[in-house]
Amino acid sequence: MNEITSNDTRDIILDVTEKLIYKSGIAATGMDLLVKTAGVSRKSIYRYFANKDVLVVAALQRRDVRWMNWFRTEVDKAPTPADRLLNLFSVLTTWFDSEGFRGCAFINTSGETGDPQDPVRLVAKDHKQKLLDYVSELCTEHGATDPQALAKQLLILIEGAITVALVMGDHSAADNAQCMARKLLDL
């Protein structure tokens, strides 16, 4: 009953990788640190992941699914389409105030890669596209004349708020972005 299965080992490796990368970045997360922190052998890591790059991509893909599910669930708690669009920023504020907030893992890791075709950058691009698609859905539900254009504007506010919260330590950035969103939405 308490035996660790291969899926458990894989999950532990992914959990530790994600936490270390989010805390310190890809370059600072070496295989020795992963082995030590995860409490698994290097051989175990390579059993599941061909190399560190593949492991990092898998950890980020997993974070993408979990983060988007969390974000959508929280935003969708608001009762009306307009409220959901404004709730985008209220949910961000909650995230900014959470313990261990270090900004967006996808922005952070993208900053460590120079090649736009790097798999890490592609995961980040995919994550941002999913976020844009979700915001566009909300804009459509709200009845926006041009939901895609409005979604792109709101995405800039979202990303700007995340960056200001991290770099400036200003956790009210989402509140300020929400005020700008109200103007965009004529609310």
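Just so it is clear, the structure is predicted and the values come from calculations on it, not from any experiment.

## Focus on the UniProt feature "domain: HTH tetR-type" (unreviewed entry) in the protein
- In the numbering adopted here, UniProt assigns the feature "domain: HTH tetR-type" (unreviewed entry) to residues 7-67.
- Taken as a whole, residues 7-67 contains 80% helix and 0% strand, while its terminal C-alpha atoms sit 21 Å from one another.

## Thoughts on empty space enclosed by the protein
- Tallying each qualifying case throughout the model produces one cavity of 30 Å³ or more.
- Estimates place the volume of the largest cavity at around 50 Å³.
- In terms of lining residues, the largest cavity is bounded by Arg63, Trp67, Trp95, Gly103, Cys104, Ala105, Phe106, His127, Lys128, Leu131, Glu159 and Ile162.
- Of all the elements, helix α7 (residues 119-142) adds the most residues to the lining of the largest cavity, at three residues.
- Of the residues contributing to the lining of the largest cavity, the split by class is seven nonpolar, two polar and three charged.

## So, the packing of aromatic side chains
- Applying the stated criterion across every chain, the model contains nine aromatic pairs.
- For the ring pair Trp95 and Phe96, a centre distance of 5.9 Å and an interplane angle of 40 degrees mean the geometry is tilted. The residues Trp95 and Phe96 share a single accessibility class, namely buried.
- An aromatic cluster of three or more residues is present, and its members are Trp67, Trp70, Phe71, Trp95, Phe96, Phe101 and Tyr134.
- One residue, Arg63, lies across the ring of Tyr22, its end atom 4.1 Å from the ring centre.

## What to know about a nonpolar patch on the surface
- Together, Val164, Leu166, Val167 and Met168 line one region of the surface with nonpolar side chains, adding up to about 380 Å² of accessible area.
- Its place among the elements puts Val167 in helix α8 (residues 147-168).

## Some words on the environment of Thr9
- Looking at where Thr9 falls in the secondary structure, it is placed in helix α1 (residues 6-24).
- Note on Thr9: relative accessible area 14%, which makes it buried.
- For Thr9 and Thr80, which are 71 residues apart along the polypeptide, the C-alpha to C-alpha distance reads 42 Å.

## Concerning the packing of helix α4 (residues 52-75) against α7
- Packing of α4 against α7 brings their axes to within 10 Å, and their N-to-C directions diverge by 15 degrees. On the basis of their axis angle, the class for α4 and α7 is roughly parallel. α7 is crossed by α4, and the crossing has right-handed handedness. Along its contact with α4, which presents Val56, Val57, Leu60, Gln61, Asp64, Trp67, Met68, Phe71, Arg72 and Val75, the element α7 presents Pro119, Val120, Val123, Asp126, His127, Lys130, Leu131, Tyr134, Glu137 and Leu138.
- Among the residues making up the contact of α4 with α7, the classes are represented as 13 nonpolar, two polar and five charged.

Here is what the cut-offs are and how they apply
Within each chain, residues carry numbers counting from 1 in the order of the written sequence. Thresholds applied to this predicted model are a pLDDT of at least 70 for local features of residues and 80 or more for the giving and counting of side-chain atom pairs; totals over whole chains, interfaces and linings are not thresholded and use all residues. To get the side-chain values, take all heavy atoms of the structure and skip hydrogens and water. UniProt positions are given in the numbering used here, feature names are shortened, and annotations may be inferred rather than shown by experiment. The way it works is that DSSP assigns letters per residue, a run of H or I at least four long becomes a helix, a run of E at least two long becomes a strand, and they are numbered from the N terminus. The distinction between a cavity and a pocket rests on a 1 Å grid over the protein atoms alone: a 1.4 Å probe fits inside a cavity but cannot get out, while a pocket stays open yet meets protein on both sides within 12 Å along at least five of seven lines, and a residue with an atom within 4 Å of a point counts as lining. Grid points are joined across faces, edges and corners, and a volume is the space filled by probe spheres set on the points. In this classification, Asp, Glu, Lys and Arg are treated as charged, Ala, Val, Leu, Ile, Met, Phe, Trp, Tyr, Cys and Pro as nonpolar, and every other residue, Gly included, as polar. Each pair of aromatic rings taken from Phe, Tyr and Trp, with Trp reduced to its six-membered ring, is defined by centres within 6.5 Å and is described as stacked if the planes are under 30 degrees apart, edge-to-face if over 60, and tilted in the remaining cases. For every residue, the accessible area (1.4 Å probe, protein chains only) is compared with the maximum for its type, and the residue is labelled buried under 20%, exposed over 50%, or partly exposed between those bounds. Placement of a positive charge over a ring is assigned whenever Lys NZ or Arg CZ falls within 6 Å of the ring centre and within 35 degrees of the normal to the ring plane. Residues with no salt bridge and a relative accessible area higher than 30% make up the patches, which join like charges within 9 Å and nonpolar side chains (Val, Leu, Ile, Met, Phe, Trp, Tyr) within 5 Å. In short, Shrake-Rupley with a 1.4 Å probe defines the accessible areas, and a residue's cover is counted only from the protein chains shown. For this analysis, a salt bridge means a side-chain nitrogen from Lys or Arg found within 4 Å of a carboxyl oxygen belonging to Asp or Glu. To obtain an axis, a line is fitted to C-alpha atoms, over the contacting stretch when the element is a helix, and the angle between two such axes runs from 0 to 180 degrees between their N-to-C directions. Each angle is binned into one of four classes, with values under 35 degrees roughly parallel, values over 145 roughly antiparallel, values of 65 to 115 roughly perpendicular, and all other values oblique. By definition, turning the near helix anticlockwise from the far helix through less than a right angle yields a left-handed crossing, and turning it clockwise yields a right-handed one. Two residues qualify as a contact provided that any one of their heavy atoms is within 4.5 Å of a heavy atom in the partner residue.

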